[in-house]
Structures are given as C-alpha cells and as structure tokens.
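Now for the letters of each chain:
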Amino acid sequence: MCDNGSVKKNNVKDPNFGTKLVHAGHNPAEWTYNDVVPPIAMSTIFNSRSPGVIEGFEYTRCGNPIRSVLEKCLMALDHAEYALAYSSGMAAISAMVNLLAPGDHMLCSSDVYGGTYRLLNKMAKHAGILFDFVDFSDTATIVKSIRPNTKLVWFESLSNPLMIVLDVQEVSEVVHRTRADIIVAVDNSFVTPYFQRPLDLGVDVIMYSLSKYMNGHSDIIMGALVTNNKDLYDKLYVFQYTSGNVPSSFDCYMVNRGLKTLHVRMEQHMKNATAVAEYLESHPKVLRVNYMGLPSHQQREIIEKQFTGHNGIVSFYVNGGIEVSTKLLESLKLFCITCSLGCYESLAALPCKMTHASLTDEERQSTGIHDNLIRLSIGLEYYQDLIDDLEQAIQASGAEDKC
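Looking up the protein in an unreviewed UniProt entry gives the name cystathionine gamma-lyase, with the organism given as Macrosiphum euphorbiae. Taken from UniProt, the Sequence similarities (unreviewed entry) comment for the protein reads in full: "Belongs to the trans-sulfuration enzymes family." You can read under Pathway (unreviewed entry) in the UniProt record for the protein the words "Amino-acid biosynthesis; L-cysteine biosynthesis; L-cysteine from L-homocysteine and L-serine: step 2/2."

Below, the structure is given as structure tokens:
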C-alpha cells in the first residue's frame, strides 16, 4: 500500500507547523466578504446553475465548505493528500472496519482503546469479520499472525493507558514486506501530528479522535482519517456520504478554531506533564509511572527516534488496591474525574472502572490494567498547583509507602 523507500525520519519538528495551523485550508478570497475567520456554512443544500451541474458543493452530507477547510488543514499537518472528518473517532474507526467483508481478517495490537476493543468484539464479530489481538512490540509475532485473508492491521502509536510506544516505521515495514496489499492504520490521537507524522513513517492511514488534543477544549466530538492513498480515500468517501457519518458544520468550525493553538498547547502539556511525572516517580507511595517523557521509559530509544516531543498523558500505579485508587480520585480538587483526555483542563480516570470496563478481569490483568492504575491527562494549569492537588489526594487515599 505504500512505497517504503520514501520513509523519512520523523524526529525533527516541522518549522512551519504553526503557520500551517493558522493558514492551511483557508483563503479569505474564497468567501463573499473576504472573511478572515472561515464562516460556518449552515446550509444543507447548495444552488446549481443548471440541473446536474455541481460546482463546489451539492448537499452537506457529501461535502460542506467549512468541513473542507478543516480537512485541508488536517492534510497539511500530516503531509497528506486526503482527509475525511467524521462525526466521532469511533465513527472513523468504524469506517475502516467497514472496508472489510465477512471472512476478512484484521490484526490489532493488544493494548488498544477500550472502544476499539468493544467495536470489534460486539459488532465486527457479528458481521463475520475475523480479528486477533497480539503483542505488536514483537514484530515476529506480527508476521506470524498475518493470515492469507488479513486485510487490515490496526495499532496505536502510543497506547492508553500504559503509554506503550510502538515503532511505527518498523511495524509498517514488516507488514508491507510480508504483504504489500495489507492496509496499515495507526491511531495517532494521543500524539498529534505536532509530535509525530505516521504517514512519513510508512503507514497507509492515520486515525484521529479530534475530540482530544486536536480540538483541545472538551466541547466537540469528532474523528478523522488521513491518507495518501487515493483508492482508499475514494472507498472511504463513498462509504461516508452513503452512511452519513459526517460532523456538523458548527463542529467543524469549532475544531478548526481549536487547531490554531495546537502547537502552543502541546508544548505546555509536555512541560506540565514532565513535572508531574517526575514528582510521581519520586513519590514513596507510587509504585511505577508511565510517561513517554521520562528517561526511565522502556521504549526510550524508539521515542527519541520517531517523536519530536511528549504529550500530557501520565499513568501510575499507586501502592494500594481499588479502595485506595478510588479514594485518591475522589479526593482530587483540580482534576475532573472523566474518561476523556487531551483537553486544556486536567482530568483523571480509573481505567479498570472507566475506559477499560468492557474488558474481563482476566483481560485487564493480562494487559496491566490493574485496580491501582490511575491515568491523568495533564492540562494547562500551573504545574505546581497540580502537584499540590495530587499530593493531598495521595495522602488522603490511605496509600502506604512502598517497601
């Protein structure tokens, strides 16, 4: 599906990223009144000068001016030729799964978002689609798990909530070397194109939950698929306008606005999360910290090779059981307890009861989603205020010092 000879290193930031955020997809001359801020096109229908003659847009399910502005911006950020915005991240994932026919096989990394796991187990299975969850950190396992009917490989560039990093370039090369026709797709929601551009590393499709860092304000649900493969884009576009999995014009306007500060926000998320992670790592009541910015991260070599920075997601194991972890979250004052992440405010979650509640106890234990695992999405507040809040909550939780 790709030319692996064109794969580039991805550990250098795009110096024009901020300019692309502000200007890509937008030209005031396009609009009647030369609007500097792209206007919201609320109309669902567009006039034609003659029957059957479509000039620009026809019906909002098939395309809309402000959605086009957003998609062009997304394309610029990932060095892509095509992008499609969806009504949610799950709608975007569903669109990829819908490319498969009964009897087709999908290979998925074992540590994926709970919603992806639920989609495959609750819906794809009943549609006759076959799938396996395997450890993608071992490329030999990936190759061994590819079947003659494997059509799609799906993984996350940074897993949630364990912050496991996969070598995107290596996974892409191994899969395409095994079978060039297999589609390799990666969920890059937690990293964003500011810190990594997976198309440059050989994948065929990138999925984003735009609800997270890309919008960054906890007020919009939206997803996107980005690719350089025209045949794949054409299929996805037909499926999209046929099924109606499109976002509203207002939502597109809001995400386009949120994107303008993505680079500034990500830098602050990184600064704050690094401070919080370092504090937690030295805490006597914390057993282990998972954060891609810590020197202790097990995949440090991969991180330095393929990322240009670190996000704001930190997870840690507190020294205690479900009562301790629950009490810790209940004692927080600045952090909101919620399942989302990647927004300007700081959020906390207990994965075993929230994001990964659909997994069985055995599945959670085997993937490291223990009762004492807490996930934090570090926001844009003053980092010392966040540390102070965590300190009082940890003390109130009843957690014991580690041996």
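This part covers the overall build of the protein. Secondary structure assignment for the protein yields 14 helices and 12 strands. What you see for the protein is a C-alpha radius of gyration of 21 Å, in line with the 22 Å of a compact globule of 403 residues. Projected onto its principal axes, the C-alpha coordinates of the protein cover approximately 80 × 50 × 40 Å. Counting only residues that meet the buried cut, the protein has 56% of its 403 residues in that class.

What follows concerns the sheet that holds strand S8 (residues 286-290). Within the open sheet, the five strands sit side by side as S8-S9-S12-S11-S10. Their pairing is mixed. Only two strands of the sheet have a single neighbouring strand rather than two, namely S8 and strand S10 (336-337). The sheet contact formed by strand S11 (residues 347-349) and strand S12 (residues 373-377) spans three bridges and is antiparallel. By the bridge assignment, Ala349 is partnered in S12 with Arg375. Sheet strands touched by helix H12 (residues 322-331): strand S9 (313-318), S10, S11 and S12. Its angle to S9, the strand with the most contacts, is close to 135°.

In terms of nonpolar packing, the biggest core is built from 92 residues, with Phe155, Leu259, Leu280 and Leu376 touching the most fellow members. The element best represented in this core is helix H10 (residues 262-281), accounting for eight residues. Residue contacts for Phe155: discarding those within four places in its chain leaves Ser109, Phe136, Leu166, Val168, Val171, Val184, Ala185, Val186, Asp187 and Val203.

So, on to the sheet that holds strand S3 (residues 130-134). To summarise the sheet geometry, strands pair through backbone hydrogen bonds and adopt either a parallel or an antiparallel arrangement. The strand order S1-S7-S6-S5-S4-S2-S3 describes an open sheet built from seven strands, whose pairing is mixed. Looking along the sheet, the strands with just one partner apiece sit at the ends: strand S1 (82-86) and S3. If you compare each strand with its neighbour and ignore which way they point, the axes differ by 20° on average. Both strand S2 (residues 105-109) and S3 contribute to a ladder of five bridges, which runs parallel.

With that out of the way, let us pick up the packing of H10 against helix H14 (residues 383-397). Following both chains from N to C, one finds H10 and H14 inclined at 30°, their axes separated by 9 Å at the closest point. As the angle between them shows, H10 and H14 are arranged roughly parallel. When the axes of H10 and H14 are compared, the crossing they make is right-handed. Note on element contacts: H14 touches H10 through Tyr383, Leu386, Ile387, Leu390, Glu391 and Ile394, opposite Asn272, Ala275, Val276, Tyr279 and Leu280.

What counts and how
Residues numbered from 1 in each chain as written. Predicted model: local features only at pLDDT ≥ 70, side-chain atom pairs only at ≥ 80, totals over all residues. Heavy atoms only, no water. UniProt positions renumbered as here; feature names shortened; annotations may be inferred. Helix = DSSP H or I, 4+ residues; strand = E, 2+ residues; numbered from the N terminus. Rg over C-alpha atoms; globule rule 2.2 N^0.38 Å. Buried < 20%, exposed > 50% of the residue type's maximum accessible area, 1.4 Å probe, protein only. Pairing = 2+ DSSP bridges. Contact = heavy atoms within 4.5 Å. Axes fitted to C-alpha atoms, helices over the stretch in contact; angles between N-to-C directions. Core = buried A, V, L, I, M, F, W, Y, C linked by side-chain atoms within 4.5 Å. Parallel < 35°, antiparallel > 145°, perpendicular 65-115°, else oblique. Left-handed = near helix turned anticlockwise from the far one by under 90°.

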